[in-house]
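Architecture and fold: a report
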Amino acid sequence: MIMQLLTTAQIDEQIDLERDQIRQGLKRLKDQCIKLEDQSYASATIYGISSIDTLLPLLVERITNTNRRIHEGHSGVAFKEIHQYLNKLEPLAAAAIACKLTFDKVFSFKKGSNVATNVCAAIGRAIEDECHMRHYEEHAPGMLNVLKKDYWHKAIGTQQKLTVIRTLMNRYNVKQWVPWSQPIRVKLGGWLLDCIMESSQWFYKQPIREGRKTTLYVVPTPEFMDIKDEVMCNAELFAPLAWPMLIPPKDWTNENPGGYMLNEVMHGHDLVRHGEHCLIQGETPLNFLNKIQRVGYRLNSFTVSVAETLQRREISVGKFLPIVHYDLPPKPVDIAENKDSRKAYRRAAAEVMNRQAQEFKRSCRTRMTMEAVNRFKNRERWYIPWSFDYRGRAYPIPAFLTVQDTDFGKALIRFSDESYLKGDAYKWLAFQCATTYGLDKATMSERLDWTNENIPLITRVANDPIDNLGDWEAAEEPWQFLAACDEYYHCVLNKDRDTTGLPVATDATCSGLQILAGLARDKKTAQLVNVLPADRPQDAYKVVAEAAKPNIPTTLHEVWDRKSVKRTVMTIPYNAKPFSNRSYIRDALKEKGIDIDKDDLTIVVKAVRDAMNAIVPGPMSVMKWIEDEVTKAIKRGAKEIEWITPSGFVVRQKIMKKKVEVLQLQLLGRCQLKVATEDTDKVNLARHKAATAPNLIHSLDASLLHLGTIRFNNPIALIHDSVLCRASDMGALSSIIRETYMHLFAEHDYLTEFALQIGAETDPPIIGDLEPETVIDSTYFFC
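These lines cover the structure that appears in this document, whether it is placed above or below. These figures come from a predicted structure and were not determined experimentally. (Residues numbered from 1 in each chain as written. Predicted model: local features only at pLDDT ≥ 70, side-chain atom pairs only at ≥ 80, totals over all residues. Heavy atoms only, no water.)

**Focus: the environment of serine 40**
The following threshold applies: The secondary structure listing takes helices from DSSP runs of H or I that are at least 4 residues long and strands from runs of E that are at least 2 residues long, numbered from the N terminus. Residue contacts are counted whenever heavy atoms from the two residues lie within 4.5 Å of one another.
Locating serine 40 in the fold gives a position in the loop between helix 1 (8-38) and helix 2 (46-72). Distance in space between the C-alpha atoms of serine 40 and phenylalanine 109 is 7.3 Å, their sequence separation being 69 residues. In this structure, serine 40 is in contact with Asp104, Ser108 and Lys110, ignoring residues within four places of it in sequence.

Written out as C-alpha cells, the structure is:
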C-alpha cells in the first residue's frame, strides 16, 4: 500500500469533514424531532421513547393497584363510573395508550393540542378505539384480519383505519359497537392523565388567562425539561453521520480511541462495540484493526455512472431502489356535484399516495448511498475506520460505501492502490464474474468455463449496461456482476487496462462447521466442508438431505433436496434449536409449493437433526459439551463467561435477564415495552447456553482473519468470514488463510485451552483423527 505523510491541509480538511458530519447528524436529529412534534407524534421522538419506557412500569403499577382496590371495595366514587370501561383493557395496554397520547398532545405544535380537556378527550377516544377494535376481534376475528390486510395502507392514519373497518363490519352485519359518550371519554382520559402526573411528576395543569376566560393547559414540569435536555444531549453524542475518511484513520490503542480524528473528543465510537472498556486487548488484534484501516478505496466510476442513469430513469435493479414517482389520477369533471365520482377519485388517489409513501420508504437506503457517492465522487482515495464487536469480528463504522454494504453498495467501490495483472489474476477475475452471476457452489473449473462461454454476454454488459439491462439484472448479485464484467472486459478481453483494483471475494464453506471440525479434530466433518483436499467442492447440505431422506414422509421425497435443509444445516452449528429448524424447513418447502402439517414437520426436523448427529458427530458433541459446561459454570456462581482467542482478543460474554413484555395493540401496532428492571442483576442461563458455542465460533473465525491479515501485505477487506483482495493477490491470500487455519488447529489444542479458561469440569470431546495441515492443499477451503 502506498502511504504518504499527511499535510496540515489534509488533516484540516478531514476535521472539517467530521465537523460537517456532526452538524449534519445533529440537524437530522433535531429536524426529525421537530417533524414528529409538528405531526403530533412526540411519543416517537428520542426523548419520547426513552421517557415512556421509564414511565410505563410506574403507570402500570398505579392502574393495577387501583383495580385491586376496586375488588376490595376501597375505590372512589368517580372511578367506579369509569371502571367498567377501563376494565376492557389490561393495565399495560391502557398505560401505553395514555402515555403515547399524553406526549403526542403536550408537545404538539398544533394550537390547543395541550388544552387539558383536549388531552383527556384524546386519551379517552384512543382507549375507546382500541376497545372498539377488540370488539371486532372478538366477534369476527377472521374477517378483521382479512380487512386489515386488504385495506390498511401505510398512507392512511389511525382514525381512517378505524373508519374503514367500522364501515365494512357494518356492511357485513357484524354486531355493532355501542359508542361511549363524550363525558365518559373525558373522565376516563382525565383519570389516566392524573395517574401519569402523580406517577411521574413530569406534567402539571396550568391555568392561563385568555381574554375573559381561563383555560387549563397540560405542560411539562421543569424537572422533565431537564430530563428531556439530558436525553437529547446523550443522543447527540451518537447523532453524527459516519462517512469514510479522507486520510488514514487514527490507530486504536487500549488507552486512546482510534478511527475519526475527533473521536477522542466526541467519544462516539469504541474499540469494541457494546463491550466493556476495562478489557485489555492483545497486540495482534489491534495491529490487525489498524492495518485494515490503512487500506485506501475509491469509487468505481463505471458502476456509479450506471447508477446515476438508472436513478434518473427511476429504474430499480436488485438492492438499487430509486424513488419512482406516481402521478395522481385526473379529477373527474363532475367531482363537485357527483358523490360517486368524488368517492371513486378519493379511493384512486389514496392508492396512489400509498404507493408513493411505500416508494419513499423503500428507497431510503439508495437515496442515502447516492448522497454519499456525490460527496466522495471526485476523491481519488478515502479510507474506512473499523471497530470490533465483542467477539472480535471487524465491522466498518460508516454505514455506506463499505465492503459490508448491500450488493449495490459493494459494487460502488474499488481499492485505490491497483496492481498490475500478473500470475493467475485473469483466473480470479473470471472467477468473480461467474461467482457473482450465481455459480458460487460450482467447481473452480466450472466457473472458469462459464465465464469463457459467456464472453459475448460479458462484452455486452461492459459496453452498454443500460440497453442490455436484462443481461445482468437477473444475476445473483447483479451490481457486483456488473462491476466484474467491466473489469474482466477491460483487463482480459479488450486489454486496454493493465491494472486491477476490483475487490474479489472468497468465502468460507460452512464456516461454523469448519471451525468445529478443527476444534474436535473431526476428519469426517472436515472432509465434508472442504477443509481437506478434493476435486470439487463438497456439499454438506446435499449429504445431510440424502441422509435424512429415508426418515421423512415419502410424500416429500420428490421435492426433498439440499435447499430444503440448507438454512437448518447452516444454523445448527450456531445452536439453532428445533423451533427455528421448523420454520426454516417449513419456509423452504413452501417455496416449492408444499404446505407441511405440524406432525410431519416434527418428523422432518428430527430426521434432519439425527442426520447431523450421524454425519458431523464432532461438531454436535462439541456444542453439547459447551452447553453442559456453561451451565455448570453459571450454577457455580459465574456472572459471565470469558475467554481469550488465539490472536489475543479477549471475549467477555455477559448476558443478564431482562423482563420484557410484548404488547399487541390493534390500532397503535406492536410495541415492545420494558415493564420491569428488577431482574437485570440475574444471569440469563438459557441465553448463555444458546450463545456460547456461536460466539466461540465467531471469535475463532475472527481470530483466523486477525492472524492471516497480519501476514498479508496488500490491500484487504473483510466481510465476517469472507476475505476480499485484488485478483493478482488472491493466490497468496488463499495460501495464507489455509496456513493460518493449519497453525490454529494443528499447533494448538484450542478446545482444551478453552476448557481451562471457563473452568470446565470434564474433558472436551476431541475425536482426534484430523490432521489440519492437510488444509494447505484444499482448493475449496475458501472459495
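**Description of helix 5 (residues 116-139)**
Selection criterion: Given a helix with a known number of residues, its expected span is that number minus one, times 1.5 Å. Type-normalised accessible area, obtained with a 1.4 Å probe on protein chains alone, sets the label of each residue: buried when under 20%, exposed when over 50%, and partly exposed for intermediate values.
Across its 24 residues, helix 5 extends 35 Å between first and last C-alpha, which sits within 8% of the 34 Å expected from 1.5 Å per residue. Counting buried positions along helix 5 gives 18 out of 24 residues, so the element sits mostly inside the fold.

**Some remarks on the side chain of serine 416**
In this fold, serine 416 is placed in the loop between strand 7 (413-415) and strand 8 (419-420). Setting aside its immediate chain neighbours within four residues, serine 416 contacts Gly296, Tyr297, Arg298, Glu380 and Arg381.

**Looking at a positive patch on the surface**
What counts, and what does not: Residues qualify for a patch when their relative accessible area is over 30% and they have no salt bridge, like charges being joined within 9 Å and the nonpolar side chains of Val, Leu, Ile, Met, Phe, Trp and Tyr within 5 Å. Areas reported as accessible are Shrake-Rupley estimates using a 1.4 Å probe. Residue values count occlusion only from the protein chains shown. Salt bridges are counted wherever a side-chain nitrogen of Lys or Arg sits within 4 Å of a carboxyl oxygen of Asp or Glu. The charged-residue count follows a simple rule in which Lys and Arg add positive charge and Asp and Glu add negative charge, with His and chain termini not counted at all. Where a charge lies is defined by one atom per residue type, namely NZ (Lys), CZ (Arg), CG (Asp) and CD (Glu).
A surface patch of like charges, here positive, comprises Arg171, Lys339, Lys343 and Arg347. When you line up the elements, arginine 347 lands in helix 13 (residues 339-362).

**A word on empty space enclosed by the protein**
Put simply, the rule reads: Grid points spaced at 1 Å over the protein atoms alone were grouped into cavities, where a 1.4 Å probe fits but cannot get out, and pockets, open sets with protein on both sides within 12 Å along at least five of seven lines, with lining residues defined by an atom within 4 Å of a point. Grid points are joined across faces, edges and corners, and a volume is the space filled by probe spheres set on the points.
Considering all chains together, one arrives at four cavities of 30 Å³ or more under this definition. Roughly 90 Å³ of internal volume is contained in the largest cavity. Listed by contribution, the elements that provide at least two residues to the lining of the largest cavity are helix 15 (407-411) and helix 20 (478-493).

**Focus on the pairing of strand 16 (residues 722-725)**
We count it as follows: A pair of strands counts as paired when DSSP detects no fewer than two bridges linking them.
Side-chain alternation along strand 16 places Ser722 and Leu724 on one buried face and Val723 and Cys725 on a second face that is also buried. Relative to strand 16, strand 10 (residues 504-507) runs antiparallel, the two sharing four bridges. Bridge assignment links alanine 505 to a residue of strand 16, and that residue is leucine 724. The turn linking strand 15 (residues 717-719) back onto strand 16 is made up of two residues, and histidine 720 within it adopts a positive phi angle of 60°.

**Some remarks on the side chain of arginine 414**
Residue position: arginine 414 is located in strand 7. For arginine 414, a relative accessible area of 4% puts it in the buried group. Apart from residues no more than four positions distant in its own chain, arginine 414 is found in contact with Gly296, Tyr297, Arg298, Leu299, Asn300, Glu487, Arg497, Thr500, Gly501, Leu502 and Pro503.

**Structural notes on the sheet that holds strand 10**
What counts is decided by this rule: Working convention: axes come from line fits to C-alpha atoms, limited for helices to the stretch in contact. Angles between N-to-C directions cover 0 to 180 degrees.
The strand order across the open sheet built from three strands is 10-16-15, with neighbouring strands paired in antiparallel fashion. In this open sheet, the two strands that pair with only one neighbour each are strand 10 and strand 15. The sheet shows a mean angle of 25° between the axes of neighbouring strands, taken without regard to direction.

**Re the sheet that holds strand 7**
Judged by pairing direction, the sheet is antiparallel, and its three strands sit side by side in the order 4-3-7 without closing on themselves. Taken across any chain shown, the strands that pair with only one partner, and hence form the sheet edges, are strand 4 (382-383) and strand 7. Across two bridges, strand 3 (residues 296-299) lies against strand 4 in antiparallel orientation. Looking across to strand 4, one finds that glycine 296 is bridged to tyrosine 383.

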